[in-house]
Amino acid sequence: MIRLEDLKPNASLRGLLPDSLVTVVNIQWYGSEALELTYKTPNGRVANELVYRSDEQRLDLVEQGRPWGFDGDGAMFRLVSEAHRINLAHLFDPVLAVHTSLVDPLPHQITAVYGEMLPRQPLRFLLADDPGAGKTIMAGLLIKELIARGDLQRCLIVCPGSLAEQWQDELYRRFSLPFEILTNDKLEAARTGNWFLETNLVIARLDKLSRNEDVQQKLKAQDCQWDLVVCDEAHKMSATVFGTEAKYTKRYRLGQLLSSLTRHFLLMTATPHNGKEIDFQLFMALIDGDRFEGRFRDGVHSADVSDLMRRMVKENLLKFDGTPLFPERIAYTVPYRLSDEDASLYKAVTEYVREEFNRVEAFENGGRRGTVGFALTILQRRLASSPEAIHQSLRRRRERLESRLRELEVLQRAGRTGTILSDLLPILDAEEVEDLEDAPDDEVEVAEAEILDQATAARSLQELTAEIRTLRYIESLALNVRNSGADTKWLQLASLLHEIFTVRITEDAVLEEVKPYGAGPIPPHKACVHQKLVIFTEHRDTLNYLENRITALLGRESAVVVIHGTIGREERLKIQEAFRHDPKVQVLLATDAAGEGINLQRAHLMINYDLPWNPNRIEQRFGRIHRIGQTEVCHLWNLVAEETREGDVYRKLLDKLEQARQSLGGQVFDVLGKLQFEGKPLRDLLIQAIRYGEQPEVMTYLTTVLDHALDREQLRDLLDERALAHDAMDAGRIRRVREDMERADARRLQPHYIESFFREAFQKLGGTDRQRGAAHKGNHLLGSPVRTA
């Protein structure tokens, strides 16, 4: 900007012409607010123009001399050019995220991020590698690489509630990515009224989004678009087709919404296919609705999905040296016989459950029927867990029903009536029961307690009074078993603990023929007092019961640590660290709160004290120790009660599974969650065994169903289906990945350039640095110099 008075003949002027300088020839004033300017253009043409005071803003005088030169500050020019070079480092380092993160990625992780996902623009992809393959690491590398390339600013990660804090910890610790977890407090404290608009890196719990329409409305806000949405455990968003009708769950609807809000969409799950092609294609419609939605016809609409997903199974994963990434694994069935007292208790509880189930059938309200039926299955599962669990459950149920009876009697005396089943009790349909199977441990405990304590099939005061009498009798039986010491399940566990921790001489098994990896005989575990063992139970009462008994058996309170759903984040991390690193800690007792998202590969031994009615939970539990970093053969013991109806079903299932492992290898454990028994889940078979197990034809039918589901050819088909877009890494591919990584490492921006630039720029801006103690050679970037401004 100039003043008109500054214009003199022979001055160089910028701004009069859009693309060049002009030279002033003459000036003729007209008053004090305008002048006629005569000027010469660079090509020698002379022209005139009236210039006013309002034009001062666009005009500028150029100093006499050359329009450019080499007389600038050379040191500053070098710093500026170096800053630009560092800013463009990712163009010359194809794996920049690897070199700027605290990770040591494996070949399958490198190929997933840099071979499969980054080249796709936009990314619409399903990452379906096996559990324990490090999908969180792959997602973190992808996010950081997209940020470095300027392709990502806003990212939303949706995961089950139990995994949210682990995601946050991993992304910050390994990748320095400061994600925030969505909470009610943050939603209410948002300055703009929409926290999503104020926060670029967000982790949200799956059910928080799927169940809350207000939160979904905030997600739908006009400016609330995302560069990348990642859905972990994405199989929970699946829809199901019954006959010709598709059942779209709230989670599936959420998946459809998220797919529409983002440019890059990544689904991650180890179990994308439940065995039904039509359900799988509905699931894939979340990624590409145009391609997969529409009426499905079996045999006609089987689509190739290899361009939309990548799946690697554990048995095919290799390290950079070409050796298997995962060790072998084997499961043992440990049967135990009930004592006479146990058998009496089992018979009494099972008869009570059967009679109540029969009364439930008369309910016209399907939701009420589902609620009471769910309560009865909880009782049966706690019966199989421990005398402590069934005793506490019966006591709480009796006390709540007695309280309800007193309320109804008061109402009756006042001439009023009330329903036996409280109106405040949740009504559970099939979808909500299934949601509870996947819910965080603390949510399950609250729901089970509320339903178990109150749900009853009684329809009159007389029936309710009779049920309470029955509960008192069964409760007394449970108390006797607990106090008698006749708990044979605990005695079997104690014997197993003795075998695990007491050193003994074992003979080495000899392999006589070449078997598939993980198949055939596996050497037995070696007893050692310093081994780490994980024990899983389904119920908190059993966990407390086992903690007291195992502590007494091992002789030290410090030998046992516990994890359950209500233990806070900080405390849980401390317990994990103690289990991993404290040699005095031998046993971790856990409910399924530790079944997702916790890495326990410091241990290679596991016991299922309670067997879950959802067999996929077995693989989830086994996956806690059979993970990247595990170097020992993993051993799993499953405790099963003989001569019980559900125990007989599970015994047949596990025996068939071991027979399959002998020929097909350890990968049979990975299809547990996909097993279907004539279209029914295992839970339904166990309920049938409980209700009708005395009928020979029913047990024959159940045996036939198990035989068919676990037939070797059937399992082969499941393994083939599980492969889907099958990918494998042979030695040649591993070698090429290793060579690419070595070249990238040689070309990357070396740390000493960063240090040199920072120190010079820091001093240029007025800062000073001094050496802090004796610095290790080549270690300046690790904190030796102290910077002060």
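Look up: the structure comes first, before these words.
The following paragraphs examine the structure supplied in this document. Owing to the predicted nature of the structure, the values given are computational and were not obtained by experimental measurement. (Residues numbered from 1 in each chain as written. Predicted model: local features only at pLDDT ≥ 70, side-chain atom pairs only at ≥ 80, totals over all residues. Heavy atoms only, no water.)

As a further point, take the sheet that holds strand β19 (residues 605–608). Here we have 6 strands laid out as an open sheet, ordered β15-β20-β19-β16-β18-β17, and parallel in their pairing. Edge positions in the sheet fall to β15 (329–336) and β17 (560–563), since each of these pairs with one other strand and no more. Neighbouring strand axes in the sheet, compared pairwise and without regard to direction, differ in orientation by 20° on average. Pairing geometry for strand β16 (residues 533–536) and β19, over 4 bridges, is parallel. Bridge pairing in β19 links Ile 535 to Ile 607. Across the sheet, helix α22 (residues 569–581) is in contact with β16, β17 and β18 (587–590); its angle to β17 comes to roughly 145°. Packed on one face of the sheet, helix α23 (residues 616–625) meets β15, β16, β19 and β20 (634–641) and runs near 155° to β19. (Pairing = 2+ DSSP bridges. Helix = DSSP H or I, 4+ residues; strand = E, 2+ residues; numbered from the N terminus. Axes fitted to C-alpha atoms, helices over the stretch in contact; angles between N-to-C directions. Contact = heavy atoms within 4.5 Å.)

One way to put it is that helix α1 (residues 74–87) packs onto helix α29 (residues 751–764) with a least axis distance of 11 Å and a crossing angle of 135°. Considered as vectors, α1 and α29 are oriented oblique to each other. Judged by the sense of rotation from one axis to the other, the crossing of α1 with α29 is left-handed. In contact with Ala 75, Met 76, Arg 78, Leu 79, Glu 82, Ala 83, Arg 85 and Ile 86 of α1, α29 contributes Tyr 753, Ile 754, Phe 757, Glu 760, Ala 761 and Lys 764. (Parallel < 35°, antiparallel > 145°, perpendicular 65-115°, else oblique. Left-handed = near helix turned anticlockwise from the far one by under 90°.)

For the structure on display, the rule yields 5 cavities of 30 Å³ or more. If you go around the largest cavity, you meet 26 residues; those closest to its centre are Tyr 336, Leu 383, Ala 384, Ser 385 and Ala 641. Taken together, the elements giving at least two residues each to the lining of the largest cavity come down to α14 (340–360), α15 (366–385), β20 and α24 (645–664). Element by element, the count of residues in the lining of the largest cavity is highest for α15, at 4 residues. Here the lining of the largest cavity is composed, by residue class, of 15 nonpolar, 4 polar and 7 charged. (1 Å grid on protein atoms, 1.4 Å probe; cavity = no way out; pocket = protein on both sides within 12 Å on 5 of 7 lines; lining within 4 Å. Points joined across faces, edges and corners; volume = space filled by probe spheres on them. Nonpolar A, V, L, I, M, F, W, Y, C, P; charged D, E, K, R; others polar.)

This part covers the nonpolar core. Residues Leu 345 and Val 534 are the most contacted members of the largest nonpolar core, which totals 68 residues. Not counting residues within four places of it along the chain, the set of residues in contact with Leu 345 comprises Leu 383, Ile 390, Ile 474, Leu 477, Ala 478 and Val 481. In terms of nonpolar packing, the next biggest core, distinct from the first, is built from 50 residues, Ile 143, Ile 181, Phe 326 and Ile 734 among them. (Core = buried A, V, L, I, M, F, W, Y, C linked by side-chain atoms within 4.5 Å. Buried < 20%, exposed > 50% of the residue type's maximum accessible area, 1.4 Å probe, protein only.)

A word on the side chain of His 391. Structurally, His 391 is set in helix α16 (residues 387–413). Looking at His 391, the relative accessible area reads 7%, which means it is buried. Contact partners of His 391, with chain neighbours within four places excluded, come to Glu 475, Ala 478, Leu 479 and Arg 482.

Fair warning: the whole summary comes from geometry, so function is off the table for now.
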